[in-house]
Structure formats: structure tokens, C-alpha cells
Amino acid sequence: MATASCLQSEDQFLCPICLDLFIDPVTTPCGHNFCKNCITKHWYISDKCQCPMCNKMFDKKPEMRINTFISEMVAQFRQSAQQKARNSRRSEQQVFKPGEVPCDVCTETKLKALKSCLVCLTSYCETHLEPHLTASSLKRHQLIDPVENLEDRMCLKHDKPLELFCKTDQTCVCMLCTVSDHKMHDVVPLKEEYEGKKAELGKTEAEIWQMIEEKQQRIRRVQRNVNYSEKHAEKEIELGVKVFTTLMQYFNRNMSSLINTIEEKQKTIQKKAEDFIKELEQEISELKKRSSEVEQVTHSEDHLHLLQRFMSLKVAPPTKDWTEVSIPPSSYEGTVVRAVVQLEETLSKAMKKLLEDDLKAFQRYAVDVTLDPDTAHPKLILSDDGKQVSHGDVKKNLPDNPERFSHSICVVGKQSFSSGRFYFEVQVKEKTRWTLGVVRESINRKENIPLSPEEGYWTISLRNGNEYSALIVPPVSLSLKSRPQKVGVFVSYSEGLVSFYDVEAPALIYSFTGCSFTEKLFLYFGPCPNDGGKNSAPLIISTVMSGSGAVRRGSVHRGSVRRGSLRRGSVRRGSVRIGAQSVGTHSVGAHSVGAQP
């Protein structure tokens, strides 16, 4: 019968009224089967007593008894269906794989454990875990995600579960440990310490991810800078090739012109000389002819013939007076020099145009800076707006704070810079002595030390009205064509570049290249002593102007530069011409000139 029941379909054991498996099936006199409770309720509600299937009427309500045969069939079918469902669920469970925790109860095919019990010290698959989810006595057991080596969670000394944590010794203990080795220690339930440590790990994880994000952002910035640098390098190479190609073409044309000029001059002299020689040779030929006739008559014995020819032969043939005629050797001295001087003048004009474009590009990095009175030497006088500084004869009584210069007569700016590019201009008009540049934060402000890059100073100076120097050890004397009235200072932190320009000329004064900046940089101003009024004019921080007016100021703060404040604007390019020949456009974004005396 069991075998037959397995072959039956579920539809054969469904009640026509509730459409579910029969519960206490009964059979009507007409032969149809229903759940006892279903048919009883149906007849109770209905006014007529009839079969719901065939509508056969009954005179009175039949006495309904449970059909034991159908009841047994339904029970067997239900049991078979449950077994199939269990087998189906079991087949759906994952089989244990290397690296996973196996079920300790499975005997044949080891299935993957779903949970581990810390009380039973056993790992269970889904099927064998069921008692722990249903039996009230097992529900109190502590289940965790499956782990191997559950015996490691037992106290080696007392063979009890490690369910407490000793904060004093920072170790897991069992209940018996608290009354022996860890008596009077700060002991808490394992779960309580777990929650605390989990929260700490959560913070640690958040910090780690923040560090990861910061480093990823730095990588992205580096990549952006590399991409920008690559594009800029390509443009600069293209520009350089174009400029130098045009210069070489210009040099070649001038060289050809010089050679042609000399050759044409030589050809003119050569032709003139050839004409003179030809004319002289004709006269020589005439003279030789007359000489031959004279000789012939002279040797003649005919007296009459000699006398008749004497008068005609005595007179010399007509010739040109060559006394004042000469062709001196041509002098070419100075021809090449004049050509080189002309070339130098042309190149100077081209360089001036390039430097003008440089300054226009640098002015896009102009920053608004002011002087820091807390750093000023006591003899210095600062304007109220922090834009001017001059030397005074009276030493003020000021606090000797760590930032103040005690020996050097100087002051630094309030704002600091630790990245990007920046530019500023200082008026030095009517001064006979001054020092300008940038310094690092950790310079010695209390002693008199030589100003040099090794000590953290990247500066230039004027002494005695016309002696300009780059302050390194030893100082480099600078030869300038004109006396600067306004000095522009451009700094590229990442490129390690500090350049000084004569703004009005325009001309490059000096460049520090290959600098290694690792600290914040501050602007440095040294007005020097006033020399009895000869050097009383102040150093003035000028408003940087561009072609469209005052340059927009970068937003900077004391002690730091806000990221993005020195905005990298687009560089305006200018066309440089040599004579009538354009040598292309020029950008100064990556242009730097090496240190030269």
C-alpha cells in the first residue's frame, strides 16, 4: 500500500471543499469523500442536505464515519511528501569544501556547517542544527558562525568554556578561573567585551578606510599632476622645437646674407680690378709696339728714314695717368661683428617678449600677502595695512616672542605656502639696500647667520646702490642692464623653483633651481638700515596687475595655504617675433632658468 500511495497524485487526496489534504476523511452515501469537519459545516450552513459534488438530496443528514482506508492513504502520502521535502532541502545544502567548516554529525557526505555550538562544541549543518532551533532545552545554547577547533574555546586548565574576559590580564577565562588564578580581577562576560572591542575595531576600520581614501585621493592628484605635466611638457617641447627651428632658420638666413654680402663686395672689387688690368694691358701693348718701331729705326743705316721718323717716334703714344688710380685691398673687419650685434639686438627683443609672456603667466598665481608684525625686528616700521616696511632709528620695546627676528633687520609675511605656485611683487624704488625672497619656517631668527639655501633662505640683495647678488655661499654677483624698480618673485613649490624678475624691464634677475622644499615657506622682506636717510624708502608689496586689471587674489591663511586657493589658471600665450619672422607662442608654466651669475 505504501508503494501504491507513492504513486498517487496529491489531487486524489484533496478535500473538494477546503482543497487541502483530507483530515478525518468521511464518505457520503453517494460515494464522495470530504473532511469530516468541512462537510459538517457545509450542511450546517446550508438549508438542504445534499452532496456538494453531485447535488444528491438526502432526506435526513447521513451519519458520517471516518473512512479509515482513505485516512491511512492520506497519512502515508503526507509522510512521503515530508520525506521528499527533507531530502530536497538536504540536497540543496552545500557540500563541505576545503577551507570550510564541516558538519561534525554528518557520517556519509560531509555538509558545510551552518553554525557551531559553544556549549556542545559541535558544528552543525542545516539539518542537524534543527534541534537547536526547536528544542527548548537547546535553544539556550550559544550559536556562532561555524569555526574550526572548537576545543580551543575550552579552558585548558578546567576544561570549561571560555565565556568570560579578564580585563586585568587581557585574556579569555572560564567560570572556575575567576575563583582561582583571576580572583579579584576585573572580569566581564565575553559578549560585553566583544561589543566593546567590536566598536573599537569599527572605529579602526573607519580610520583605515579614511587613510585609504586619503591615499587614493593623493594617487588621483599625482596622476592628475602627471597627466597635466605630460600635456604641458608636450606643448613646451612643441613650442621649443618651433622656436629653435625658427631661430636656426633665422641664423642660417643671416649667415647666408652675410656670406652673400661679402662675396658680392669681393666680386665688385674683382670686376673693377679686371677692368683696370685690361686697360693697362692695352696700353702696355701699344707701348711695346712703339718700342719695337723705335728699335727698328734705331738700328737702321738709312739716314733719311731715321730723320723722317724721328719726330713721330719721339712723341710717346697717349696713355692714361694712373698715378691717382688704385684698388687697395678691401677690408672686411667689423662686418661679422656688425652682423652679430644686429643678431644680438634681435634676440634681445625676442627674449624681452618671452619674459613679458613669463610675467603675464606668473601673475595668474598672484597672492594677497601682508607683513606679520609678530616677526618684525624691533627697529622696523610697518604700515597699518601690512603692505609697507621701512627701517626706523628707534628700537621699540616689543615682546621677544620665538617668531620675532632679534638680530636680522627683517620681517616675514603672515601667510605661508606648502604647495602649488605663488607670485608677488615688491616695489624697491629709491632704495640703495634691500633683501628679498622666501624662507622656510624653521630658520634661525635669533642669531646672525649667512643667508643661503642651506640655512633656509632663497634671497637676492642690493648693496651700495648698484651691487646685486644672489645670496648663496659664496654670494654670486649679478650683472643687470637696468636698475629694477619693482621685483617680481615666482615660486613653484613642487618644482623647487624660486625666480626673481625685473618687472618693468622685463628681465630675469636670478633663479634658484632644484630646491628641496619640505616645510612651509614664508615671504621674506629685509629693508636694511636707512643709512642716515639714504635708504629710508620703504619696501612696498605692490598690487599685481595683468592685462585685464588687478589680478584676483588667491585665498591664503596664516600658517597654511587652503588647497585649491592658488588656482591654476590658463596661461595666456604671446607671439614672439624675430625681425619679421614669428617664432610661435610661448608659455611659462614649466619655464625655469638655471642659476647664472
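Report follows, based on the coordinates. (Residues numbered from 1 in each chain as written. Predicted model: local features only at pLDDT ≥ 70, side-chain atom pairs only at ≥ 80, totals over all residues. Heavy atoms only, no water.)

**Considerations on the sheet that holds strand β16 (residues 476–478)**
Here is step 1: One open sheet accounts for 6 strands, arranged β11-β20-β13-β14-β15-β16; its pairing is antiparallel. What marks the edges here is a single partner per strand, and that holds for β11 (411–417) and β16. For this sheet, the mean angle separating the axes of adjacent strands, direction not counted, is 20 degrees. (Pairing = 2+ DSSP bridges. Helix = DSSP H or I, 4+ residues; strand = E, 2+ residues; numbered from the N terminus. Axes fitted to C-alpha atoms, helices over the stretch in contact; angles between N-to-C directions.)

**Observations regarding the packing of aromatic side chains**
Here is step 1: The final tally for this structure, using the stated rule, is 15 aromatic pairs.
Here is step 2: Seen in terms of ring centroids, F424 and F525 are 6.1 Å apart; in terms of plane orientation they differ by 55 degrees. Their pairing is tilted. Taken as a pair, F424 in strand β12 (residues 421–427) and F525 in strand β20 (residues 521–526) lie far apart in primary sequence, 101 residues in all.
Here is step 3: Judged by its relative accessible area of 1%, F424 is buried.
Here is step 4: According to the relative accessible area criterion, F525 is buried, its value standing at 1%.
Here is step 5: Aromatic pair Y493 and F517: ring centres 5.4 Å apart, planes at 45 degrees, arrangement tilted. Taken together, the residues span a long stretch of sequence, with Y493 in the loop between β17 (486–492) and β18 (497–502) and F517 in the loop between β19 (507–512) and β20 at a distance of 24 residues.
Here is step 6: Relative accessible area serves as the criterion here: at 10%, F517 is assigned to the buried category.
Here is step 7: Ring pairing ties together the aromatic residues F362, Y365, Y423, F490 and Y501, which thus form one cluster. (Phe/Tyr/Trp six-rings, centres within 6.5 Å; stacked < 30°, edge-to-face > 60°. Buried < 20%, exposed > 50% of the residue type's maximum accessible area, 1.4 Å probe, protein only.)

**Considerations on the pairing of strand β13 (residues 434–440)**
Here is step 1: The element β13 is largely enclosed, with a buried count of 6 among its 7 residues.
Here is step 2: Across 6 bridges, the pairing between β13 and strand β14 (residues 457–463) is antiparallel. Bridging from a neighbouring strand, T435 pairs with S461 of β14.
Here is step 3: When β13 meets β20, the two strands line up antiparallel, connected through 6 bridges. Within β20, the residue paired with R440 across the bridge is L521.

**Looking at the sheet that holds strand β4 (residues 122–124)**
Here is step 1: Here we have 3 strands laid out as an open sheet, ordered β4-β3-β5, and antiparallel in their pairing. Edge positions in the open sheet fall to β4 and β5 (143–144), since each of these has one partner strand only.
Here is step 2: Of the strand pairs in this sheet, strand β3 (residues 115–117) and β5 are connected by 2 bridges, and their pairing is antiparallel. The residue bridging C117 from the neighbouring strand is L143, located in β5.
Here is step 3: Against the sheet, helix α4 (residues 126–134) touches β3, β4 and β5, its axis set at about 110 degrees to β4. (Contact = heavy atoms within 4.5 Å.)

**Considering helix α7 (residues 303–314)**
Here is step 1: Taking 1.5 Å of rise per residue, 12 residues should cover 16 Å, and α7 covers 16 Å from first to last C-alpha, within 8% of that figure.
Here is step 2: A small share of α7 lies buried, amounting to 1 of its 12 residues.
Here is step 3: Between the side-chain oxygen at the start of α7 and the backbone nitrogen of L304 there is a gap of 3.2 Å, and the oxygen is on D302. (Expected span 1.5 Å × (residues − 1). Polar contact = N/O pair within 3.5 Å; in protein donor to acceptor, adjacent residues only side chain to side chain.)

**So, the pattern of salt bridges**
Here is step 1: As enumerated under the stated definition, the model contains 13 salt bridges in all.
Here is step 2: With its nearest N and O atoms 3.3 Å apart, the salt bridge here joins K115 to D145. A residue pair is termed long-range when its members are at least 10 positions apart, and K115 in strand β3 and D145 in the loop between β5 and β6 (164–166) qualify at 30 residues.
Here is step 3: Between R220 and E213 there is a salt bridge; the shortest N-O distance is 3.1 Å.
Here is step 4: Judged by its relative accessible area of 33%, E213 falls in the partly exposed class. (Salt bridge = Lys/Arg side-chain N within 4 Å of Asp/Glu carboxyl O.)

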